[in-house]
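Structural overview
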Amino acid sequence: MNDRQSEIGSYEQLAEAPGRRKARAPRPVVCIQGLGFVGFAMAVAVADAREPDGSPSFNVIGIDLPTAEGKEKVRTINEGRMPLVSADRDLEAAFLRTVQTGNLVASTDPAAYRLAAVSVVDIHLDVEQEDGAPKVRLDGFRAAIRTLGEHMQPGSLVIVETTVPPGCCEKVVAPTLVEALERRDLPAESILVAHSYERVMPGREYFRSIVNFPRVYSGLTGEAADRCEAFLRKVINVADHPLTRLQSTTASEIGKVLENSYRAVNIAFIEEWGRFAEAVGVDLFEVLEAIRVRPTHNNIRQPGFGVGGYCLTKDPLLGQIGARDLFALPDLGFPFSARAVKLNSAMPLVSLDKIRGRLQTLAGKTILLLGVSYRQDVSDTRYSPSETFVRHAEREGARVICHDPLVCEWTELDRRLPSELPSPEGCDGIVFAVPHRQYCDLDLARWLGKARPVVLDANNVLSRSQRETLQRLGCPLTSIGRGT
Ligand SMILES: NC(=O)c1ccc[n+]([C@@H]2O[C@H](COP(=O)([O-])OP(=O)(O)OC[C@H]3O[C@@H](n4cnc5c(N)ncnc54)[C@H](O)[C@@H]3O)[C@@H](O)[C@H]2O)c1
């Protein structure tokens, strides 16, 4: 830490540093640790929270690591620009309000935690495979919590939003904070730890899914839970979306992991029905619509290209990890969840099989892949099914041209993508992988011109009229989940 870093004395001082915006009033400070997809949006939501008189409730400091990427996010936010591409106008509008108000700044300086009445942990926690078993490396997570403990004032509240293995707040966060405070000769009993999980859905409802969504929370102590509730009441529209308090942080951690495991298993379950429907000439989407009218079945999932993103690909494995590593219950293997993750990760290979089947071989063929982010209306490409598809297709000798309206740098594949929709001319196959609006609205007859490639609708992207157009044009069409 350099001299300047250790000198932060107030929010105003940080906000008025060169290149930062001016803070207009002293308010309770909330620090958000981690300025990723969740942390940035949460920082905006907290900075946008208002008192009954319309004045902002908090001054917010978003803190990221002093890495090249972290510094870039901090610089971008402090310059009043969004650090990510988002299809949600509400998020951008709320961010611009914070720019006007001057109550959101970003920093890489951990000394800022000393100003916090509340610190919200929104850092990542990756799941890795080691000798065939899922593992989380807690070192980075522990180091982040230790940093909080090294700087925060006794009595300030720590809310963990990071998705963690159940048991983590009690068995990892609390002991790490206690140790750090004791090193500073501060009373260990002053720590206040709560857990409240994010249900944020990056996409068109990004901002709404934070502030207009029911929340679950809990605290390690009654006081921590009360303080967490008071904080959430200011940020979330609790009049329409009530809060649910659970008995323990472990219960709240289980809530998050179980929710996402349920969704992943639901998707994997539908996968086998998709294959059946395709083989026997049934439109499974139509069947599922008919089933969804039953209130007991209204959230049944549907066939698709694959499951990607940072959550459903790893969260179902956190139950097993928590049971094994934090509660010494190694025999609880969570077989449904583990199988779902495996099945879901192989889904893009079904699409690959289909297009290969239509083209006889992939060697020497040119395929246009439309959509590389993990879901519609998001720019996040982490663990995207498109990545699996491209890697396998290219291994078999195909040339894959990729496009995504929200992605210009595909970092995982180290590729720059064209901003304009590529011409289908010269393509042997086209895969509609992600239902981005641009593809759903595409005038196929016009775009295809004289090209007649094989088309795979891998994710229910095309409307009935688009499918009819393809038929009329004589373009061979095949679909995931829809038999012909
Ligand atoms: N992305 C989603 O849709 C979503 C939804 C709900 C919950 N979650 C959970 O929220 C958490 C964050 O996810 P994300 O998608 O925002 O991840 P992310 O990778 O986009 O962001 C994490 C950020 O934390 C920063 N960071 C890491 N260690 C830090 C430290 N010690 N100090 C300060 N910053 C640090 C990283 O540099 C990065 O910018 C994860 O646990 C995830 O599972 C994500």
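Description of the structure in this document. (Residues numbered from 1 in each chain as written. Predicted model: local features only at pLDDT ≥ 70, side-chain atom pairs only at ≥ 80, totals over all residues.)

1. Focus on the packing of helix α12 (residues 335-359) against helix α13 (residues 385-395)
Keep this limit in mind: What counts as an axis is a line fitted to C-alpha atoms, over the stretch in contact for a helix, and the angles between N-to-C directions run from 0 to 180 degrees. Here a helix means four or more residues in a row that DSSP labels H or I, a strand means two or more in a row labelled E, and each is numbered from the N terminus. Roughly parallel means an angle under 35 degrees; roughly antiparallel means over 145; roughly perpendicular covers 65 to 115; every other angle is labelled oblique. Here a crossing is taken to be left-handed if its near helix is turned anticlockwise relative to the far helix by less than a right angle, and right-handed if that turn runs clockwise. The contact criterion used here is simple: two residues whose C-beta atoms, placed from the backbone, lie within 7 Å are in contact. Each residue is assigned to one class: nonpolar for Ala, Val, Leu, Ile, Met, Phe, Trp, Tyr, Cys and Pro, charged for Asp, Glu, Lys and Arg, and polar for all the others, Gly among them.
The interhelical angle for the contact between α12 and α13, taken along N-to-C directions, is 50°, at an axis separation of 8 Å. By the criterion of interaxial angle, the relationship of α12 to α13 is oblique. Crossing handedness for the pair α12 and α13: right-handed. Here Met347, Pro348, Leu349, Ser351 and Leu352 of α12 lie close against α13, whose contacting residues are Pro385, Thr388, Phe389, His392 and Ala393. Classifying every residue of the contact of α12 with α13 gives seven nonpolar, three polar and no charged.

2. Observations regarding the sheet that holds strand β2 (residues 59-63)
As a reminder of what qualifies: Only when DSSP finds a minimum of two bridges between them are two strands counted as paired.
Pairing within the open sheet is mixed, and its eight strands lie in the order β3-β2-β1-β4-β7-β8-β9-β10. The two strands at the open ends of the sheet, each matched to only one other strand, are β3 (104-107) and β10 (243-245). Between one strand and the next, the sheet's axes are offset by a mean angle of 25°, whatever the strand orientation. When strand β1 (residues 29-33) meets β2, the two strands line up parallel, connected through five bridges. Note that in β2 the partner of valine 29 across the bridge is asparagine 59.

3. Topic: the site of the ligand
Let me state the cut-off plainly: To decide whether a residue is near a molecule or strand, its C-beta atom is placed from the backbone and checked for lying within 6 Å of it.
Taken together, 24 residues are adjacent to the ligand, and Gly34, Gly36, Val38, Ala144 and Thr163 come closest. For the shell around the ligand, the elements supplying multiple residues, two or more each, are α2 (37-48) and α5 (138-151). Among the elements that take part in the shell around the ligand, α2 stands out by supplying three residues, more than any other. Counted by class, the shell around the ligand contains 12 nonpolar, nine polar and three charged residues.

4. Overview of unusual backbone geometry
Operational definition: Exposed residues have 12 or fewer other C-beta atoms within 10 Å of their own C-beta, buried residues have 20 or more, and residues in between are partly exposed; the C-beta atoms are placed from the backbone.
Phi at aspartate 185 is positive, roughly 60°, even though this residue is not glycine. With 6 C-beta atoms counted inside 10 Å, the residue aspartate 185 sits in the exposed group. Even without a glycine there, the phi angle at glutamine 360 is positive, about 75°. Along the chain, glutamine 360 falls in the loop between α12 and β11 (366-370). According to the C-beta neighbour criterion, glutamine 360 is exposed, with 9 such atoms within 10 Å.

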